[in-house]
Amino acid sequence: MSDYELKDKVAVVTGGAGGIGTHISLEFARGGATVVVASRKQERLDEVVTRIEGEGGRALAVATDITVPEQVDELVVRTVSAFGRLDVMVNNAGGGSRMRQPEETPYEEWLRLIDFNLTGTFLCCIAAGKQMIAQESGNIVNISSTAGTKGNPFMLHYSAAKAGMISLTNNLAFMWAKHNINVNCIAPGLIATDAMKGHGAIPADTRDDGSPVPHLELPPGPEDVAKMTRFLASDAARAITGEIIPVRAWFRSDRFWQ
């Protein structure tokens, strides 16, 4: 079996029914993993599970609000009860807000985005980590953002939360290395999800003369994030921990302020 395969691994994907999360869930299932798909809306989770099972995969939908500690604990309990272990936790759930000036950021919005993007990731890491420490093995992949590395001045709270995820990753990688737990972070840039296409944020893939734009000059797709996540979850990445890996091609706005 290839080291890139996920056969016999049990993985939880939070935000697993979203634009990037759906692709991660499907990619993991195609790699041979049993996938526990977690998100807040049961109907959307059921759709992803149906797709996975339609391709011959194995999956379970667990409606979970990652900002509620009891629900996160229950997510891990149900996973272990159903499949006997937890090998991979992908912390993909999160979200932003509309762009605004820093001085116009409402306090309530600050709390909501910090809670959803950072606190929720912390709760999932700790709940999964306890199980992985008992197993003496595990793998955690946190999905941050280039906003956490270079910043996004018009979404101050989102940037701060994503930067916090990177710090959390580094600390846990150090503290849990003795338990054989890999902890890494992916920092996607602008990703060509259906939602971003709908907002008009994704440039055309052809020039005015009809010639194609080189793919490295375009935002990556959600499948590119999914493939990187699968790699980090696989045995091929067994010696990688505490790293922050961007997925951004050569898209200028994900590297520089201007």
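Given the structure is predicted, the values throughout are model-derived calculations rather than measurements. (Residues numbered from 1 in each chain as written. Predicted model: local features only at pLDDT ≥ 70, side-chain atom pairs only at ≥ 80, totals over all residues. Heavy atoms only, no water.)

So what exactly am I meant to see when it comes to the layout of surface pockets here?
Regions of empty space are outlined by a rolling probe, equal in size to a water molecule, passed over the atoms. Its volume calculated, the largest pocket comes out at about 1500 Å³. Lining the largest pocket are 49 residues; nearest its centre among them are G94, G95, G96, Y158 and M196. The set of elements that each furnish at least two residues to the lining of the largest pocket consists of helix 1 (19–30), strand 2 (34–39), helix 5 (156–176) and helix 6 (194–198). At 3 residues, helix 1 tops the list of elements feeding residues into the lining of the largest pocket. (1 Å grid on protein atoms, 1.4 Å probe; cavity = no way out; pocket = protein on both sides within 12 Å on 5 of 7 lines; lining within 4 Å. Points joined across faces, edges and corners; volume = space filled by probe spheres on them. Helix = DSSP H or I, 4+ residues; strand = E, 2+ residues; numbered from the N terminus.)

Looking at this model, I keep getting lost on the packing of helix 3 (residues 69–83) against helix 4 (residues 107–135). Mind explaining?
If you want to describe how two helices pack, look at the angle between their axes and the distance between the axes. Viewed as axis vectors pointing N to C, helix 3 and helix 4 meet at an angle of 35 degrees, and their least axial separation amounts to 9 Å. Helix 3 and helix 4 meet at a crossing whose hand is right-handed. Where helix 3 abuts helix 4, its residues P69, V72, D73, V76 and V80 lie against L123, C124, A127, A128 and Q131. Along the lines of polarity and charge, the residues of the contact of helix 3 with helix 4 split into 8 nonpolar, 1 polar and 1 charged. (Axes fitted to C-alpha atoms, helices over the stretch in contact; angles between N-to-C directions. Left-handed = near helix turned anticlockwise from the far one by under 90°. Contact = heavy atoms within 4.5 Å. Nonpolar A, V, L, I, M, F, W, Y, C, P; charged D, E, K, R; others polar.)

Explanation requested: helix 2 (residues 42–54) in the structure shown.
Note on helix geometry: an α-helix contains 3.6 residues per turn, so any two residues three or four positions apart are oriented the same way. Here helix 2 is 13 residues long and its end C-alpha atoms lie 18 Å apart, about the 18 Å a rise of 1.5 Å per residue gives. Along helix 2, the residues classified as buried are L45, V48, V49 and I52. Viewed end-on, helix 2 has its buried residues packed into an arc of 100 degrees, placing them on one side of the element. What points out from helix 2, more than 90 degrees from its buried face, is the exposed set E43, T50 and G54. The inward-facing, buried residues of helix 2 abut helix 1, strand 2 and strand 3 (58–63). Directly after helix 2, the chain includes G56, whose backbone phi takes a positive value near 90 degrees. (Expected span 1.5 Å × (residues − 1). Buried < 20%, exposed > 50% of the residue type's maximum accessible area, 1.4 Å probe, protein only. Arc of directions from axis to C-beta.)

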